[in-house]
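Coordinate analysis (summary)
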Amino acid sequence: HRHEEGDQVMIKQISVFLENDKGRLAALCRCLADAGVNMSALSIADTPEYGLVRIVCNEADKAKAALDEAGYRARVTKVTAVAVPNRPGGLAELLETLDNADISVEYGYCFSHQDGNAIFALKVTDSAQAAEAVFAIERAGFQILEEGELD
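The numbering scheme is per chain: residues are counted from 1 as the chain's sequence reads. Owing to the predicted nature of the model, reporting of local features is limited to residues with pLDDT of at least 70; listing and counting of side-chain atom pairs is limited to 80 or more, with chain, interface and lining totals taken over all residues. The side-chain numbers reported here are obtained from all heavy atoms of the structure, hydrogens and water having been left aside.

**Here's the deal with the pattern of salt bridges**
Within this document, salt bridges are pairs made up of a side-chain nitrogen of Lys or Arg and a carboxyl oxygen of Asp or Glu, the two lying within 4 Å of each other. Within this structure, the stated rule accounts for six salt bridges. The shortest N-O distance in the salt bridge between arginine 87 and glutamate 93 comes to 3.0 Å. Each residue's exposure class comes from its accessible area (1.4 Å probe, protein chains only) as a fraction of the maximum for that residue type: buried when under 20%, exposed when over 50%, partly exposed otherwise. Using a relative accessible area of 41% as the deciding quantity, one classes arginine 87 as partly exposed. The exposure class of glutamate 93 is partly exposed, given its relative accessible area of 34%.

Encoded structure:
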């Protein structure tokens, strides 16, 4: 295993509250593009009034600064990124590992990676369990990715 028990290996994620208006998502993406930020993943959860956009990108702090300057409500949060075999049952096995360790997932989303694995970005419900989650995931044979490994 690459990490010791108790390690919290996380990547930075940008969360942006976005009004559900025509063109707002395109404007958000243009803002990041103009700042030279490359997105690896984008996830949208919506309600009738607003959307919550979650982004994994190459330079989270630079992205946050550009979004703040443009007037967006953005924050940086930490999530765990796990390489999951891109085959039937790969994600089920990861989630079963967490379930067997009594670790609940608050939210998660998948995106692809150049090595053929899917990446599952997840946030555990109880932040005190984040290090325990990393240990359980690696003990089960999954690889936890760090910030520079997503480019």
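**Quick notes on the pairing of strand 3 (residues 50–57)**
Of all eight residues in strand 3, seven are buried; the element is thus mostly enclosed. Two strands qualify as a pair provided that DSSP identifies no fewer than 2 bridges between them. Under the scheme used here, helices are H or I runs from DSSP no shorter than 4 residues and strands are E runs no shorter than 2 residues, and both carry numbers assigned from the N terminus. Counting the residues that bridge the hairpin from strand 2 (residues 39–46) to strand 3 gives three residues.

**What about unusual backbone geometry?**
Despite not being glycine, aspartate 102 has its phi angle at roughly 60 degrees, a positive value. Within the element layout of this structure, aspartate 102 appears in the loop between helix 3 (90–100) and strand 5 (105–112).

**Concerning the packing of aromatic side chains**
Each pair of aromatic rings taken from Phe, Tyr and Trp, with Trp reduced to its six-membered ring, is defined by centres within 6.5 Å and is described as stacked if the planes are under 30 degrees apart, edge-to-face if over 60, and tilted in the remaining cases. Considering all chains together, one arrives at two aromatic pairs under this definition. Both rings, one in phenylalanine 17 and one in tyrosine 50, keep their centres 5.6 Å apart while their planes meet at 55 degrees; by these two values the pair is tilted. Of this pair, phenylalanine 17 sits in strand 1 (residues 11–19) while tyrosine 50 sits in strand 3; the two residues are 33 residues apart in sequence, bridging distant segments of the chain. Given a relative accessible area of 27%, phenylalanine 17 falls into the partly exposed group. In this arrangement the basic side chain of arginine 54 is found over the ring face of tyrosine 107, its NZ or CZ atom lying 3.5 Å from the centre. Cation placement over rings: the criterion is NZ of Lys or CZ of Arg within 6 Å of the ring centroid and within 35° of the ring normal.

**With respect to the packing of helix 3 against helix 4 (residues 130–139)**
Geometrically, a packed helix pair is captured by the angle between its two axes and the distance between the axes. Here an angle of 0 to 180 degrees is reported between the N-to-C directions of two axes, which are lines fitted to C-alpha atoms, with helices fitted over the stretch in contact. Interhelical geometry of helix 3 versus helix 4 gives an angle of 130 degrees and a closest axis separation of 9 Å. For the element pair helix 3 / helix 4, the angle class is oblique. Considering the relative orientation of helix 3 and helix 4, their crossing is right-handed. Within the contact between the two elements, helix 3 uses Leu94, Thr97 and Leu98 and helix 4 uses Ala133, Ala136 and Ile137. Here the contact of helix 3 with helix 4 is built from residues that sort into five nonpolar, one polar and no charged. Each angle receives one of four descriptions, namely roughly parallel if under 35 degrees, roughly antiparallel if over 145, roughly perpendicular if within 65 to 115, and oblique otherwise. It is the rotation of the near helix from the far one that decides the hand of a crossing: anticlockwise by less than a right angle makes it left-handed, clockwise makes it right-handed. Only heavy atoms matter for contacts: two residues are in contact if any of them lie within 4.5 Å across the pair. Only Asp, Glu, Lys and Arg are considered charged, only Ala, Val, Leu, Ile, Met, Phe, Trp, Tyr, Cys and Pro nonpolar, and every remaining residue, Gly among them, polar.

**Brief notes about the environment of aspartate 61**
Mapping aspartate 61 onto the fold places it in helix 2 (residues 60–69). Sequence-wise, aspartate 61 and valine 76 are 15 residues apart; in three dimensions their C-alpha atoms are separated by 7.8 Å.

**Focus: helix 2**
Residues of helix 2 that are buried: Ala60, Ala63, Ala66 and Leu67. For helix 2, the angular spread of buried residues about the axis comes to 125 degrees, placing them on one side. Among the structural elements, strand 1, helix 1 (24–34), strand 3 and strand 4 (73–84) are those in contact with the buried residues of helix 2. Downstream of helix 2 by a residue or two, glycine 71 has a phi angle that is positive, lying close to 90 degrees. Read the arc as the range of directions from the helix axis to the C-beta atoms.

**Side note on helix 1**
For helix 1, the full list of buried residues reads Leu28, Cys31 and Leu32. Taken down its axis, helix 1 places every buried residue within 95 degrees of arc, on the same side. Of the exposed residues in helix 1, those oriented more than 90 degrees away from the buried face are Ala26, Arg30 and Asp34. Residues of helix 1 that are buried sit in contact with strand 1, strand 2, strand 3 and helix 2. Downstream of helix 1 by one or two residues, glycine 36 has phi in the positive range, about 80 degrees.

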